[in-house]
Amino acid sequence: GETIQVPIDYRSNPDAAVMVGDQDTAALVKTEVLTAADYNIAQLNVPITWTKGDDAKTPSENAKIVFTRQLIENGLASHDDLIEQYLFTTSTAGGTEVNGLSDLVTAAGTGTVGGIISGTETWWKNQFDSFVDGSDIEAAMTELFDNCAKGSGEPVMPTMLLSGSASHALYESQLQSMQRYVNVDDADSGFKTLAFKGAKYIFSHRGGTIVYFLNPKNFKLCVSSEYFRDEGDVQQVNGQNAFYFLVYSALQFVVTNRWKLGHLFQA
């Protein structure tokens, strides 16, 4: 469609009540518990271009295959790195932007996300908190996690924490050696996957000091089933001894239950 529309179950049934008597009359007004967030579809493009001169310098078929494969691998890696960059910071191309966590899960829960104004619809605000340094980062993380979870038995709570390397390292420095890994398999494989209350804590070179508390049911990357990392046909550059094709994606980061996501920043 023209946009990505995400249904939201935003409140309990307001007419749920204890019965006064056996034949108590229920309030049979229309049940209003659902709404929707609406997101524009963003687009990514990676041009891959080479010349007849490149072909001439790689005369054997095997060399041509290796050269082309390396161009494709670089193009796809560049595409994915761009997504990782905009995962944290919204793009600024000037058109329909890729929504980053900087706008989707904010420092005060503010902003218009998916067409819903959190200043008006206060239930739409994400959770947020701050920490000073290593002395209080665990306490702040615990409080924010609990605010996102809204109860020990809640089925939808943060399952992943995401930040840059600095906060990840600060948190790790506060842990005892046996607390660090989600499971032995992760540790034995060499992956630095820390755990916090059962959630995996990972870092990205594109992230900053902000720690985001996420769940794949509430925060996700929506992509086109037809056009994601799509490699177009090879075309000749007009008026040049050169060829190109484009790696193209239609996608968007979206949030649903925004009030179950968290933003922890360093004060």
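If you're wondering where the values come from, they're calculated on a predicted model, not measured in any experiment.

Turning to the packing of helix H4 (residues 137-149) against helix H5 (residues 165-173), a few remarks are in order. Closest axis-to-axis distance for the H4/H5 pair is 9 Å, and the angle between their directions is 105 degrees. Considering the angle they form, H4 stands roughly perpendicular to H5. Where H4 abuts H5, its residues Ile-137, Glu-138 and Met-141 lie against Ser-167, Leu-170 and Tyr-171.

What follows deals with the sheet that holds strand E6 (residues 127-131). Note: strands within a sheet are paired through backbone hydrogen bonds, in either parallel or antiparallel orientation. The mixed open sheet is built from six strands, whose spatial order is E6-E15-E10-E7-E9-E8. Sheet topology places E6 and strand E8 (194-196) at the edges, where each strand pairs with a single neighbour. Here the strands of the sheet are splayed against their neighbours by 25 degrees on average, with no regard to which way each runs. As paired elements, strand E10 (residues 211-214) and strand E15 (residues 262-266) share three bridges and run antiparallel to each other. Residue pairing for E15: Tyr-212 is matched across the bridge by His-263.

Glancing now at the environment of Thr-142. Assignment of secondary structure puts Thr-142 in helix H4. Assessed through its relative accessible area of 29%, Thr-142 is described here as partly exposed. Taking the C-alpha atoms as reference, Thr-142 lies 8.2 Å from Lys-197; in sequence the two are 55 residues apart. Setting aside anything within four residues of it in sequence, one finds Thr-142 in contact with Phe-196 and Lys-197. Here Glu-138 takes part through its backbone oxygen, which lies 2.9 Å from a polar atom of the side chain of Thr-142.

Rules used throughout
Residues numbered from 1 in each chain as written. Predicted model: local features only at pLDDT ≥ 70, side-chain atom pairs only at ≥ 80, totals over all residues. Heavy atoms only, no water. Axes fitted to C-alpha atoms, helices over the stretch in contact; angles between N-to-C directions. Helix = DSSP H or I, 4+ residues; strand = E, 2+ residues; numbered from the N terminus. Parallel < 35°, antiparallel > 145°, perpendicular 65-115°, else oblique. Contact = heavy atoms within 4.5 Å. Pairing = 2+ DSSP bridges. Buried < 20%, exposed > 50% of the residue type's maximum accessible area, 1.4 Å probe, protein only. Polar contact = N/O pair within 3.5 Å; in protein donor to acceptor, adjacent residues only side chain to side chain.

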